[in-house]
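# Per-entry structural report
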Amino acid sequence: MCFALELPLPETYAALERRIGHRFKQDFTLNAIIAAARMLDALDGPVTWRRGDALRRHLGPAATDQYLATLT
């Protein structure tokens, strides 16, 4: 619903949750999820990744390098 309404920010999602009176996740409010995400960002820094990380994790560096070479 949020994407259909083009609501770009997590706070907007939380406001929508309050406005419609429905939780998108039964056990947690979006405000709690946003607060937890901000806490993790403060502790660990923002999530970062490099292209191929998922492949590297599951298939190893050689297979990842070979696959990425086909994309350039």
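Please refer to the structure placed before this passage.
The structure reproduced in this document is the subject of the present report. No experiment lies behind these values; they were computed from the predicted model shown. (Residues numbered from 1 in each chain as written. Predicted model: local features only at pLDDT ≥ 70, side-chain atom pairs only at ≥ 80, totals over all residues. Heavy atoms only, no water.)

Let's shift gears to the overall build of the chain. Tallying secondary structure elements over the chain gives four helices and zero strands in all. Restricting to contacts in the chain with at least 6 residues of sequence separation, those with at least 24 account for 6%. (Helix = DSSP H or I, 4+ residues; strand = E, 2+ residues; numbered from the N terminus. Contact = heavy atoms within 4.5 Å.)

Together, Met39, Leu40 and Leu43 line one region of the surface with nonpolar side chains, adding up to about 320 Å² of accessible area. Relative to the helices and strands, leucine 43 resides in helix 2 (residues 30-44). (Patch = residues over 30% accessible without salt bridge, like charges linked within 9 Å, V, L, I, M, F, W, Y side chains within 5 Å. Areas by Shrake-Rupley, 256 points an atom, 1.4 Å probe, with all protein chains shown as cover. Salt bridge = Lys/Arg side-chain N within 4 Å of Asp/Glu carboxyl O.)

Position of threonine 64 among the secondary structure elements: in helix 4 (residues 61-71). Using a relative accessible area of 0% as the deciding quantity, one classes threonine 64 as buried. Polar contacts involving the side chain of threonine 64 include one to the main-chain carbonyl oxygen of leucine 55, which spans 3.5 Å. (Buried < 20%, exposed > 50% of the residue type's maximum accessible area, 1.4 Å probe, protein only. Polar contact = N/O pair within 3.5 Å; in protein donor to acceptor, adjacent residues only side chain to side chain.)

Moving on, we get to the packing of helix 1 (residues 10-20) against helix 2. Where helix 1 meets helix 2, the closest approach of the two axes is 9 Å, and the angle between their N-to-C directions is 160°. In terms of their interaxial angle, helix 1 and helix 2 are classed as roughly antiparallel. Helix 2 is crossed by helix 1, and the crossing has left-handed handedness. Side by side, helix 1 and helix 2 meet where Pro10, Glu11, Tyr13, Ala14, Glu17 and Arg18 of the first sit next to Leu30, Asn31, Ile34 and Arg38 of the second. When grouped by side-chain class, the residues that make up the contact of helix 1 with helix 2 number five nonpolar, one polar and four charged. (Axes fitted to C-alpha atoms, helices over the stretch in contact; angles between N-to-C directions. Parallel < 35°, antiparallel > 145°, perpendicular 65-115°, else oblique. Left-handed = near helix turned anticlockwise from the far one by under 90°. Nonpolar A, V, L, I, M, F, W, Y, C, P; charged D, E, K, R; others polar.)

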